[in-house]
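Here is how the chains run, residue by residue.
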Amino acid sequence: MAKKEIDQHSGIETTGHEWDGLKELNHPLPRWWVYIFYACIVWSFGYFILYPAWPGITGYTAGILGHSNRNEALADVEALKTAREASAKAIATASFDQIRANPALLQFALANGRAAFANNCAPCHGTGATGSPGYPNLQDDDWLWGGKIDDIFTTIRYGVRSTSDQTRQSQMSAFGKDGILKKEEINDVADFVFSLSNPDYKGAGIANGKKIFADNCVACHGDDAKGNQDVGAPNLTDKIWLYSGTKEAIVAQVTNPRHGVMPTWEGKLDDITIKSLAIYVHDLGGGK
Ligand code: HEC
Ligand code: HEC
């Protein structure tokens, strides 16, 4: 029988265990700790009974509450679907103004539009919608076919020079290829067009080019060369170019224009998606 005694140095009772003259002090666990420990054991039994707990050979004990994370997730998905259906229905019937005035609906449309843009439009317009030569930047406030939300909707729905019979349409003539203007005339008109956005440029053909422009180009690009959104003719006086702003690029465009094609999305995307896209693009920053 081990002998309990009071340790001289610390004044604490020993457990009576002694090894080679080293004695073990008696430090029992605090009561509160022991009670919590027992409570945990009781709790675990309750848990085993209520919740899925014991693995078996073909499955596990389900617990009398029948709880399952999987079913919970399924119910969440179902609830989300119902909420989405309601929003989608509201988008289908609401006007653009109504959608924009309703923050929840607007947010839904923007999220929907962003996803559809990444899937369908980013290959041509870029993931950030900043475009590349031939594919317009949709972030700026410079528009070929109009930056009002209805204009954008129409462009997306029917496309530009697309296969839709309601497509936006216009053809800049091939002034060089079809022999409408001579090489020197094209050079002069390019001098003039280049000078519009480069005021310091002193090309020899500017004066003559101005006349050629008035005779051949103003019908689409306007008297002031600021473009015309009815025919998708770009503003030629700013520094924003669909293709490129070098003089060589202008000569190339006048000689043999490219006639960019934007596909129609009618029939490929439903109206709710096209509406969401119009709102998303309009909201990118350049919408009028
Ligand atoms: C195959 C390439 C291609 C795809 C895909 C494409 N676009 Fe375009 N998009 C173009 C081209 C090219 C133009 C410029 C047409 C022109 O020269 O007038 C354009 C023009 C536009 C314009 C008019 C811009 C302006 O300045 O008026 C909008 C808006 C637009 N696209 C939105 C979209 C959206 C939204 C999608 C996805 C649903 C999309 N585009 C998919 C090629 C594409
Ligand atoms: C029938 C209408 C029409 C006429 C006439 C016309 N253009 Fe254009 N022009 C356009 C359209 C539309 C575009 C955009 C082409 C595209 O989207 O592919 C364009 C594009 C251009 C571009 C490219 C702009 C850029 O941002 O890259 C230049 C430069 C240009 N035109 C110059 C001229 C000049 C110079 C003339 C006269 C000699 C002329 N155009 C006559 C319709 C016209």
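Residues numbered from 1 in each chain as written. Chains lettered and ligands numbered in written order. Predicted model: local features only at pLDDT ≥ 70, side-chain atom pairs only at ≥ 80, totals over all residues. Heavy atoms only, no water.

Caption draft 1: Region of interest: the pattern of salt bridges. Taken as a whole, this structure holds 5 salt bridges when the rule is applied. For K23, the salt bridge is made with E5, and the minimal N-O distance between the two is 3.1 Å. Placement of the pair is K23 in strand β2 (residues 22-25) and E5 in the segment before β1 (14-19), with a sequence separation of 18 residues. Using a relative accessible area of 37% as the deciding quantity, one classes K23 as partly exposed. Residue class for E5 comes out partly exposed when judged on its relative accessible area of 28%. We note a salt bridge from D271 to R157, for which the minimum N-O separation is 3.6 Å. A residue pair is termed long-range when its members are at least 10 positions apart, and D271 in helix α11 (residues 271-283) and R157 in helix α6 (residues 149-158) qualify at 114 residues. With relative accessibility at 41%, the residue D271 sits in the partly exposed group. Several salt bridges share partner residues, and in doing so they unite R157, E266 and D271 into one network. (Salt bridge = Lys/Arg side-chain N within 4 Å of Asp/Glu carboxyl O. Helix = DSSP H or I, 4+ residues; strand = E, 2+ residues; numbered from the N terminus. Buried < 20%, exposed > 50% of the residue type's maximum accessible area, 1.4 Å probe, protein only.)

Caption draft 2: Up close: the pairing of β2. Summarising the sheet, β1 and β2 pair through 3 bridges and their orientation is antiparallel. Its bridge partner being in β2, W19 is matched across the sheet by L22. Between β1 and β2, which pair antiparallel in sequence order, lie 2 residues; one of them, D20, sits at a positive phi of approximately 45°. (Pairing = 2+ DSSP bridges.)

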